[in-house]
Structure formats: structure tokens, C-alpha cells
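# Structure at a glance
What follows is the residue order along each chain.
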Amino acid sequence: MNSYWYLIGLLALLCSVVVTEAQAQSGTGTLVGDVVSSSGDVLPGVNVLIPAENQGAATNAEGRYRIEGLSPGSYEVQAQFVGFRTETATVTITAGQETIQDFTMREDLVQMEEVVVTGLGQSVERRKLSADVGVISANDIEEAPVSSIDQLLQGRVPGSSIRSQSAQPGQGALINFRGITSVFASQTPVIYIDGVRVDNNSGTSLSFGGESTSALSDLLTNDIERVEITKGGAASTLYGSDAANGVIQIFTRRGQEGAPRVTFRTEQGVDFPVTKFFRDTGFSFASAVEDPDDPDFGRDSFIADEILETGYTQNYYVGVSGGSESVTYNVSGRVQNGTGVQPNNENTLYALRGNVQTEVASDLNVNFSGAYTRSNFSRVNNGTAIADPLTAFEVGDAKFFSGQGTLDEALELFLLPTIKEGVDRFTLSASGTYAPSDLFSSKLTAGIDSRVNEQRRRNPSAADPLTGNQDGLLTRFDRNYKSITLEYVGTVSYPREGRITSDFTFGAQGFREEISTVFGEGETLIPGSESFGEAGSVIASETQSEIFNGGVFAREQIGIDDRVFINAGLRLDGNSAFGADIGLQAYPSLGVAKPRSDESFWTRTFGGVVNEMKLRAAYGETGKFPEPFARDFSFQSTSFRGNAAPRFSNPGNVNLSPERTATLEGGFEGAFFDDRFALNLTVYTARTTDAIFDVPEQPATGLSTQLRNIGEIQNRGIEVDADVTVLARNNVRWALGAAYGYVKNEITDMGGEPDFNLSTTVSAQQRISEGEPIGAWRAATPFDSNGDGLPDAAELRFTGSTPYPNHTGSFTSRLTINENISVFALADWATGAEVFDWGSHWAQFNGLVRAERITQYDEDGNELGLFSTEDDGVSLLQDGDYLKIREVSVSYRLPDAFLEPLRLSSASVSLAGRNLFTFSRQDLVDPELAGITSGGGLQLGGSQSITLSPPRQVRLSLEVTL
Amino acid sequence: MLTSNHSLASLALAVLLVGLGLAVTGCDFLDPTEVENPQTTEDDLEDAPDLVRVFLPGLEAQFARALGSTVVTTEIASDNYSINGTGLGGTAMDFPERITPTTAVINSRDADTGSYWNLQELRALADYVLTEILPEDEGALDADVALVHYYRGMAFLMQAENFSAVPIEEDDTPRPAAELYTLAEAAFQESRSLSSGGSNMLRTSAALARLHRGLGNPQEAPDYAQEAIEIDDDFVIGQGFDEQNLVNAPHIYLVTRALQEMQPLPRLDFLDPKYTARDDGIVVAKAEEMYFIQAEAALAQGNPDAARDFLSDARALAQSRLATEFSDSDARLDNNLNPRPQSSSIKIAFEPGAPFQQGLVLDRPGVITTPATSGTSVTQGDIATASGTELVRLLYQMRQEVLFLEGRRLHDLGLRLPMMLPELEQNPNIAAGDLGTETIIPTYIPPANEMDLYDPVEIYEEQEDEDGNDILVLIEDEITMLHDMNRILAEERGLVMQNPRLP
């Protein structure tokens, strides 16, 4: 090895001596040229390189480059630019002359040279990947009028289902990639920020009426450089027992070398409530609003007029970035306030983020990034809470529940209870990269995520008639989340050239997560008191969980003639939640990628129709570890008449192991028709074995239920992502995109366990049944029992639908004019779900038919009226198909001519809208909303009270960089 | 900037120092794999002192759960209460033929319903203490162990009364009620052998009297009843609850009554809600019941005069018990939102053709006075003049009224409940249709929910008062119960002691 290097060094020395001699003798030449895009636009910032000489230059604002001091001779020149194909030309340099070489860059829709790292342990070009890894770029993030990561993902990840919860602040979406893989565990992908695993729990507060706070809502999108997404399977295998739901990696923005650049951004916005899914008081209090003698006469849209309101939001950001050759930095701060579209819905956010990178030595880099977020927000009761104003007014309960005579008086009472919450979150990441040569590099990352939230619900005594409390109630819930991540990755790349290339990655990765909660409730408070110490009676409880997951991994990637790439990997995992008899778990992966390697083949075969093509196939296993302590036989003690009273808690299972998902996937990425059309297609089949079920013990044992690995679940699906450039000329470029995902979910084996319900509504169950999808709706269905053609009885039947969609997709449109005006639109859609409509059930108790129901007959064919909502669940299951115009934005970047007099390096203004229109097949529930969830564990959503859709948002933002 | 060699040397030095330090001091403080279950595990119990005593409050709390849930379950399954709304899983429990292992109240592990589960857990926890804990606890007091046997016996007794057959260990075949009685008796006798203190003798003799009545032993039952009365002739043994953590189970549906879930039979309205505080105790045994057992034994032995005397004693004692004043806001609605009887002027006939009686319904909403322990509408005159079947009917009526909300009525009716679903599904030795898996309904029980019904249903009309407020105006002040279940029992079943209907 050493002699090899000496030889290379000697040769290099020899060459340099020869070259120096040559230059001295006959002088040097210069290479110049212009670089434009295929649509004729000038392209600044393009790197033009002569690899053989290790020389290069970037194009200036006019798109011109100049490389001087070149020895005469023939060279290969490359022009490289993100988002464009690398163009290559051969030039001959003559001493004392300028050689001109212009480049026309073709856009690269499939971006084969883009580098990703998630699940690979090292940076790998996309063309070598055997499994699909999604990337959301800084450009995509900037143009999205969103503030949290879950909103950013909506419509941007093919094959995903991402459903918001409601219009209230602090909530996060239910995220699912590639189908449901468990009947007990959360489906939220794990999230890493700069290599550190962070809190992704969707239920971090008490759930009042089915609405709780999600840790996703304070994962902000500002200063994010890139998001990488693996949806489970082979691409996630190196994350082992934590990866079955997929992995989202967030990379924060680093500073660029140069003078400090200060960026100010302000965003002013208006939120409009969506009233589409309300009948309003004209329906629910018809007799009062139509009676001229009633004080509520004429108030047929009380919800829209008096409860919902226009919200205002303002957001201020300042960031400074810059650095020297050895130290770069990027720090920013942000303040945001929104008033919300419902009463008591204010939210305020303070955020700081910093990223410092230091080159300690030429081969040693240290990077530190950290973020602090403080989020304060308040909500009103919603969902199944009895003090939920929207439901009470929509279904006619408002006066009855509050005991008030008029709508105004009732509303006053409904708005007295408050639910306030504050979240403090620190995320820190430190990493060191040591790369002594091109052949070896290693990286050590350590980090922590600390999230603390305090939620306080206050039912003042004045609200007693509504809440049922006596002299008020104060509920407090504190949750403290800490996780520590440690990762080491080493990479040996040898040989790097020749017919066979090899990259071997090895490492160890682990995390420890600790969550503790404290719940306290004080009853009987004097007016104005907000302290437990002053309550007449106090109850309190706490929970604690600790878990460690750690493992070692190795991955080998071999390239053959740069035409075929084969990889194999293995992770061995241990976890503190595994049963005592379960040892290390092994997760293997295997894949092959065959990128375009012989252009003439495609040209010969398809006559230029195909410009680029990569075929890929991969197999990989991932896991999902069980709950902490579910393996132990334990006792639980409760307070009883002044004593600690123990009883059986968990039966214990020494064989408790992770759920294992084995995924086989294949597909291709291609560019066609002169790079005008790109297509990415993946087909997969994923089988989850050892699926965990909460199995009842025989009641004779006195033990309740125990998690056991007895089931099998299958998901099969297809993901398609297509982009087409419709127009590309005269500085106008218009591109359209579409994505589609389909997944078929089925419980293939329940280990002999009987069917059960994940959740039950009054007349429909989310059923777990072999041969059906997870949570398949089984609803009370009217039918004709005596053959007279008239429905006279009802029984529970599967409806063929699920609470979540199985077809999802999105459309995008991006129009760019003169490189400084861009118009972007995003719509997403889903079909296949049905949503249980609680509101129409409750309306029944007030004699209101909110959802049309089926007429019931007796056995003799006499009409009996409508089936009750208890017997007619199918009529309460509303069609969940929707299409939402999610985002439309127009942005304008000021031309340089305007910037110079103002001493600005850039300035832009944009107008954006979000959640602008919803198309649905019914107008009783917003089909997108996840609705009632209980936080933690598997949440399918799909049942809703009267819940407000995320508002129509309009944002005007201005950004200047000094 | 450091040179590469410098950085490497520093890094190596740092690693060396940390490595040496850890090797010397041990690295437990850096061990990320160590986790601590905050709950008690079996490891935590090893070598812990006084464990029987530690588990006693757990047994008491579980007994409270078992008792509370059994009272709620049996009161709604009997004619004492009917169900309104969805808070108790709908109205299935009002229809005996609809009660199956899947019925929400039966297939429940809740502390306020879930009778089957809570009784099984009580017995299993007592078994665990006796087999796993006691052998390791050398200093355990006999009195404490006696209490463990008592709780175990009470679990068997309540199972024997209300279920037809129950398995008592993993993979067991269901033990029929008669065997459960035998197991209960053995447990009580074991308890008595360990502790002959007054309170233990009182509770076990009361339990044995009740047990032998259920077994159909007219000799033993009154003897144990007499033994209890001799210890204390007006005794009440109650199981208290916890105001915050384990509320009196009926209280949830009678007082909090968010959905007016439990509505009493109109002729028992004057006894409802009995438990007005969250931690009110439920009566486990009281002297009145001993007199009833003695009266029943006297009837069985052909001595109606003695029976009348015992009933008079029971009545006198019941009348002497305390009453509670309570502000009741219950709207007294039935499932079709019709107001149920809630005016003191209403007169009730116990069945078609029977005389109308007033004073059984209280004015609500409003401040009412109800018995806190015992109450009855039966007069001394009723007792004095009754004979033959009518005396038996009166015995059933007095038991129904005086032992109201104490979980005795379902057993008197002869109805027996099925086991919960997981017991049937998880045990390879139990199949659907086996004894214990279905509700046992005597042929004399009327169809559907007729035990709960009265006529007419619409007895109020909504009108406006002078101020324009909606008020209820009584339009029908005489209502007739569809069935007098006490007469049916007297005629069809006779005495429980003579016809125990044991599976």
C-alpha cells in the first residue's frame, strides 16, 4: 500500500516538474466560455472543471467562466451544476491564446449524481442506490408556505399518507409510509436532525376529546438544507430495530465561506376558517333562529359569524451566515405569532438555530449544530370533549349542555375552559469527521434532543354547568423527553478506480430515550386560582419509560465497471425492551443498481427516447422494537384509602422481540424525450412477521393482556413519480409533476387470536381481522332480513373501506419566468378511506338528521322511520376521497440592477396560499383530517367529531439579504 | 489550524486517557443500556419484608372493585334498574337473552363494570399471595392470612351466586356454581381456623349464612345467621371506596349520572340513589339479611309465624337505619327521552289488577331523602297479614328493597351470567355452549326487557309556565308494572333455599 502511494507521489512530482518545464518554455493558454441553460438562460455559479489538471472556475453573474494558466494540450472539460446534467467537452489549449468553449446545460430531472447519505453510512450518488431515497431540497423547502416538517411532507413524498389533525395549534399530522406495519405501534417514521434522533411522538400531551400535541409541530422548517426520506425496507435497514416506519433525515443549513450575509425575512398572513363542513345553527337550532320571538332569531350562521374568526399571523426571521476558510457559521432567530381561527387559539413561537463548522486540521472537521424552540399555544376543547363548542353548536347541544337560554350565553360558557401549553425544545448535534485520505474516512456524531412541555387545562368554576365540575378543575400535564444518540461510521473506499470499486462502511449506532410524565389534577378552586396548592383536592400520577437501542452495522458496495452496483449490509441490534430470551437481532439487506452505463445501448434500442435509465432491486429487513418494560411481569400499585394497593399489571414475556418487516422492492428511474420527461417507479412487497398483538391472558389467571409476537401483516404497493417539462424556451420554463402511491394492506395471520377492535364508535368498528386490512371498517349495516326488498334489520358488516386512504397522490406545477419570477402550485389527493361522522350521530339525539340515513321497515313492510345511528353505521361513514389545493405561491426575485443601489445581495417577495380549496364527495367531515386520536401507539384516525379544517392561509413575505 | 499529525496525536491521547479512566473506575455511569422499570417486578419482591401485609391493601382494593362491579352488573341485569343511553354499552343488559360473553358490561375489565373479570382477579391475586408470597413471608400474621382466605372465599361466593360455571386456573374446565360454593366454604373455614377474632367470625359467619342459603341448606344457613346476630344484632359490614382513585361503582351511574345511565324500577324509586358520596361503602353483609335468611329457613321448615317475626325484626332494623338527604338533578329519562315517574303523586300497581300504592316515587329533580343502608315500603301490617305464597312474595319484596344495590337480586331471580369472552376464547378446554358460556334464564323470567317495563310510558306533557319556561305536567298519575316479579318468584321458584337452581 505504502509503495503504491510513493509511486503515485513520485509520478505526480515528475509530472509537475515536466509541466513546469513546459510552461516555462512555451507559455500557457486560457479557456473561456459562456454557460446557458437549454432554455437560453444565463447560468451563474456553474462549476467548470478540468479534472486532469485539478483546475476550475465558477461562472459569474453573466454566466461566463475563465480558466487561466493551462498548459497547451488536449483536455476534457466538465461543467457541473446542481439540477443539471454534467456536460463534457474536449478542448485543445494553445499557448498564448484564448480557447472558447461554451456549454448548454440540460436539466437533470432524475439527478443521478445527487448525493444522499440516509441509511447508507456514507455519501452515495443516487445512480448507485438500489432502493429509493426521497429528497426534499432547499429550494422546495423555501417555496413551501409551511412551518413544520409534517406540513412540508404533505404532497411531497410519493406513497405516503399525511393527514393533519385540525385547525388548532400544536398538533401534528399522522404520517404513514408504505402502509401500516403494526397493530399496536405508532407509524410515525423516526426523525434524525444532523444525525441525532429526535422526539417524533404524536401524542405528547393529554388528549382532550381526542386532540393532543405532537412533537412534530415544533420541528421547524427554517434553515433546513435538505430532507432525506427512506420509507422502510432496504434503504432503512442500517437503522435496525427502529426503522420499520421509515427514516426522515433532516440536514440543517451550514454557513458558506465569505463575508457575513445577513438575511431578514418577514411574513405577514391571514388565516380564513373553512366553513365547508358546517351546517351551522340554521340547521341545528332551526326552530329558534326561525322564530321571530326568539332572541336567537335570524342567527342561522352563528358558528361562522360568532365562533370562527379570521386569524392573523406574523413571522420575523433574521439570519447571519458566513465564515473563513477554516470556520463557517449560520445562525438565525425567528419570532412568530398567530391568532388562529377559533377563539382561544393563539400561538407564539421563538426559535434559535446555529450551525458552526470548523476545519480543525486539513483532515479533521468538527461540526456543531443546535436549535432551541419555545412554543406557546392554546386550544379550545374539541373532538369528543363535552365542552367542545364547535360540536355543541353544530349538532344542537349548545344550550342544553350549558343550561343557557341563548346562543350567545351558551358560547360565553363554552369559551371559559382553556387549554394552554408551552414547549421548550433543545436539539444539539456535534460531529467530527476525520478523513486522512480518499480511501478512508470516519465520522463520530453525538447529540441530544430534549423536549419539555407543560399543558394546563383550566375549567373555571363559572363553567361548572358545562363541565360538570364542582368549583372548577385544574389539570396539569408535564412531559419530559430526552434522547441521546451516538453514532460512529467508518468508510474504506478501496479500490476507487478500475473495473471493480469497493466502498465498505462499518459502524455502531445507538440511542437512549427517556420519557417521564407527571399528571396532576386539582378540583374545587376559588375563582381566579390557578395553583394546585389552593385546590380542595389534588390527585397526581406519573409515568416513566427508558429504552436503549444499539447495534453495529456493516455495508459493502461494489461497483463493476461503473455499470452495476451491488450492495449488501447487516445490522445487529440489541434493545432493552427485548425479552430476556431474545438475543441480538440481525437485519440484512441486499441490493443491485444498474444505472445508464452505455448510452449507445439506449440510443440504439429506443432511438433517443430514453436519455437516462437506472434499474434497481433491493431486499431489506427492518424492525420495530416493542414498548419499554412490556417484557416484565410486574405489579401496579394504586392509592386506596390511604394505602398503596398492588395488583397484577403486566404478565411478562421473555420472548418479546421486535416486529420484523422484510421488504422486496424493485423499480427504475429514467429520463426520456430529450430530458423532458422523468419517471421514477417502485414496486414493493413488505411482509411483517412477529407482529405484536396485545393478547388477552385467560381471565382465570387474573392477568390481563400481554404483548406477544404472533401475527403477520402484508403491504404491497406501487409508487410512481413523474415530472414533465411542458415549456422551456425564451426564459420561460413550465414543469408539471405528478406522484401516485397505492398500497394494499392485509393482516395475513393473527396467530389464532380472535378478531378485535382497535377503536369502536357507536356503530362502526376499526376491526382487526385476518384477511382484512388493519382497522378495516365494520359497521352496523341495515339489510333486508325477510326478502321483501325492504331493510328491516341491521348487523355488523365489513364495508370494504379503511379509516385511512390506500390511493394517494399529488400534482405540482412550477412556472419560472426570467429566473426571477416563479409560480408554484401543489395539490394532493387521497381515496379509499371512510371517516366516521360522530357529529351526525350526536345530532340524532336532538332529532336532527345531519347525515342521510336509511329508512327502516318492519317485517310486514310498514315504514318505521329512519334507522337509528346505532343501527346505521354505514350512513355515518362518510366518503374520504379528497383533493386539496395545498399550496400556491408566487415569488419574485428583484433583478440585480435594483439590488446594487440598495446595497443588497438579494431580495425577494412572495405571496403564498395554503389549503386553498378542498374537493370532497360530501360536506359533513373534512376527509383529510386524522380526527380523533388518543396519542401514542397505533393511530389510524378516521373518526371525527365536528372538527375545523386547517385554515386557508395567505402569506405575504419579504426577504432581503445584505 | 492544527496539522493533521497534531490532531491525530491529540485525538489518540484523549481516547487513551478516557479509556484508561474507564478501565480503572468502571464505566457503569456511562452504560446507556441500563434501564429501570418504575413498576414493581418479581425481582423487586425478592427478600422484601412483610409482603403479605404489603399485598393486603391490594386485595382490599380488588375486593372493592369486584364488589362494586358486581353490584352494578347484577342490578342492571336484574329488574332493579334499567339502562338509559350508551354509558353502559347500550341496553343489552336489560334483555337477559341478549347477554353474551361479548356484551360490553360482561366483557369488561373496568372497575365499575366487569364483574367477571374483577372476581377472577381477586381470586387469582389471593391465590398468588397464598402460594407465592406467603411461603417467603415467615413473619406473616395469622389474622392477615385469614383475611386473604376471606377475600378468596368472597370471590368464590359472588361467582357461585351470579355465574353458572367459572374456571379457577389456567386451562381449567369451568367449575359449576355448586363447586364454587364448596370452594368458598373451604376458604371461609380456613379463615376461621386462622383467626377467631370477633370481626373475622362476624364476616365469615354472615358469608357462610348467605352461602348455605344459596346452596339450599335450610339447617346450616340460619345457624350461621344466628351466630352473626349473636355477635352483633344490628351489624353492618361495608366495603369503603376511595373518593379519588376508586369511586363507589354505582355512584358513577346513580349520582354523577352523566347520561342518566341507571334508572330504577319505578316502585323502587324511593330507594335510589342510596350511595350519595363517591367513597360511600357498599354493604357486604348486614343483620337484616341474617333475619331474612332465618325467615326463609323458618318458611322452609313450615313455620310461618317465626318467619313473620324475623321479617318484623328485619323491618324494624331497616327502619332504624339512617337516611341521607340528597339534591338530585336527575332528569329521569327513558331511552326514548320520555320522562320516567318523578312525582310523589304517582301511584303504582305492582302488576295489572294489583292495588295502586302511593309513596314509592319521590319528587325530582329536587332535594330527596333516601335510605343510606336499608329501606322498605313493606308495613308491619303487610307482614302480619301475609301468609302462604303472599308471605314468600313479601320475603322477596323485602329482600329486593332492603338489600337494594347490594348485588343480591340477580341471584334471587335465578338468572346466571356467562363468562367474559377471553376466558372462552383463550382456554383450549372451554368451547362455546359449555356450561358457563351462556346466560341461564329461568322459564318464569318474562321475555325481552319486560321485567323493567310499566304502562303507560308517556305520563308527562311538556308545557310552558307563565314565564315561558318549559315544565313537565303530569298527565297520568297511575302506572302499572307489567310484572310483579316477586309474585312470580314466590309462585314459580318458591324459596331459594328449597330451589337453589344450582347448575
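Look up: the structure comes first, before these words.
Let us look at the structure shown here.

Thresholds applied
Residues numbered from 1 in each chain as written. Chains lettered and ligands numbered in written order. Predicted model: local features only at pLDDT ≥ 70, side-chain atom pairs only at ≥ 80, totals over all residues. Helix = DSSP H or I, 4+ residues; strand = E, 2+ residues; numbered from the N terminus. Buried ≥ 20, exposed ≤ 12 C-beta atoms within 10 Å, placed from the backbone. Contact = placed C-beta atoms within 7 Å. Pairing = 2+ DSSP bridges. Axes fitted to C-alpha atoms, helices over the stretch in contact; angles between N-to-C directions. Expected span 1.5 Å × (residues − 1). Core = buried A, V, L, I, M, F, W, Y, C linked by C-beta atoms within 7 Å.

### Some thoughts on the overall build of chain B
Of regular secondary structure, chain B possesses 16 helices and 15 strands. Scored against the burial criterion, the 503 residues of chain B give a buried share of 49%. Sequence-distant contacts in chain B: of pairs separated by 6 or more residues, those separated by 24 or more amount to 75%.

### As for the environment of Arg687 of chain A
Residues and elements named next belong to chain A. Structurally, Arg687 can be placed in strand β34 (residues 677–696). Accessibility expressed as a C-beta count within 10 Å gives 18 for Arg687, which makes it partly exposed. If sequence neighbours within four positions are ignored, Arg687 has contacts with Ala662, Glu712 and Gln714.

### A short note on the interface of chain A and chain B
If you look at the interface, chain A gives 49 residues, while chain B gives 48 residues. Of all the secondary structure elements, the ones that give two or more residues to the side of chain A that touches chain B are β21 (347–361), β26 (500–523), β27 (537–560), β31 (634–640) and β32 (643–648) of chain A. As judged from the 2 bridges shared by β31 of chain A and strand β1 (residues 40–41) of chain B, these two strands associate in the antiparallel manner. Bridge pairing links Phe635 of chain A to Thr40 of chain B in β1 of chain B.

### A short note on the sheet that holds β32 of chain A
If you walk across this open sheet you meet the 3 strands as β32(A)-β31(A)-β1(B), and the pairing is antiparallel. Of all strands in the sheet, those with a lone pairing partner are β32 of chain A together with β1 of chain B, marking the two edges. Relative to β32 of chain A, β31 of chain A is paired through 6 bridges, and the arrangement is antiparallel. Note on β32 of chain A: the bridge partner recorded for Ser639 of chain A is Ala644 of chain A. Across the face of the sheet, helix α3 (residues 51–77) of chain B comes into contact with β31 and β32 of chain A while running at roughly 75 degrees to β32 of chain A.

### Comments concerning helix α13 (residues 388–402) of chain B
Along an α-helix, residues three or four positions apart point the same way, because every turn accommodates 3.6 residues. Residues and elements named next belong to chain B. An ideal rise of 1.5 Å per residue puts 21 Å on 15 residues; α13 measures up with 21 Å between its terminal C-alpha atoms. The element α13 is largely enclosed, with a buried count of 11 among its 15 residues. Elements in contact with the buried residues of α13: α10 (287–300), α11 (304–320), α12 (380–385), α14 (409–413) and α16 (485–493).

### A word on the nonpolar core
One finds Tyr151 and Ala184 of chain B to be the most contacted residues of the largest nonpolar core, which totals 144 residues. Leaving out residues up to four positions away in the same chain, Ala184 of chain B has contacts with Gly153, Phe156, Leu157, Ala160 and Leu211 of chain B. Counting residues in hydrophobic clusters, the runner-up holds 78 residues, among them Ala398, Leu407, Ala780 and Val925 of chain A.

### Details of unusual backbone geometry
Here the amide bond leading from Tyr494 of chain A into Pro495 of chain A is cis, since omega sits at -5 degrees, within 30 degrees of zero. With respect to the secondary-structure elements, Pro495 of chain A resides in the loop between β25 (473–493) and β26. Of note, the bond from Asp272 of chain B into Pro273 of chain B is cis; its omega dihedral lies within 30 degrees of zero at 15 degrees. In this fold, Pro273 of chain B is placed in the loop between β6 (262–264) and β7 (282–286). A positive phi is found at Phe673 of chain A, a non-glycine position, where the angle reads about 50 degrees. Relative to the helices and strands, Phe673 of chain A resides in the loop between β33 (659–672) and β34. Residue classification places Phe673 of chain A among the partly exposed positions, given that 13 C-beta atoms sit within 10 Å.

### As for the sheet that holds strand β43 (residues 834–837) of chain A
Residue and element names in this part refer to chain A. If you walk across this open sheet you meet the 3 strands as β46-β43-β49, and the pairing is mixed. In this open sheet, the two strands that pair with only one neighbour each are β46 (877–879) and β49 (943–944). Where β43 lies against β49, 2 bridges are found, and the strand directions are parallel. The residue of β49 that forms the bridge with Asp837 is Gln944.

### Regarding the pairing of β34 of chain A
In this structure, β33 of chain A lies alongside β34 of chain A, joined through 13 bridges in antiparallel fashion. Within the sheet, the bridge partner assigned to Phe672 of chain A lies in β34 of chain A and is Phe677 of chain A.

Function cannot be inferred from these measures alone, as they are strictly geometric.
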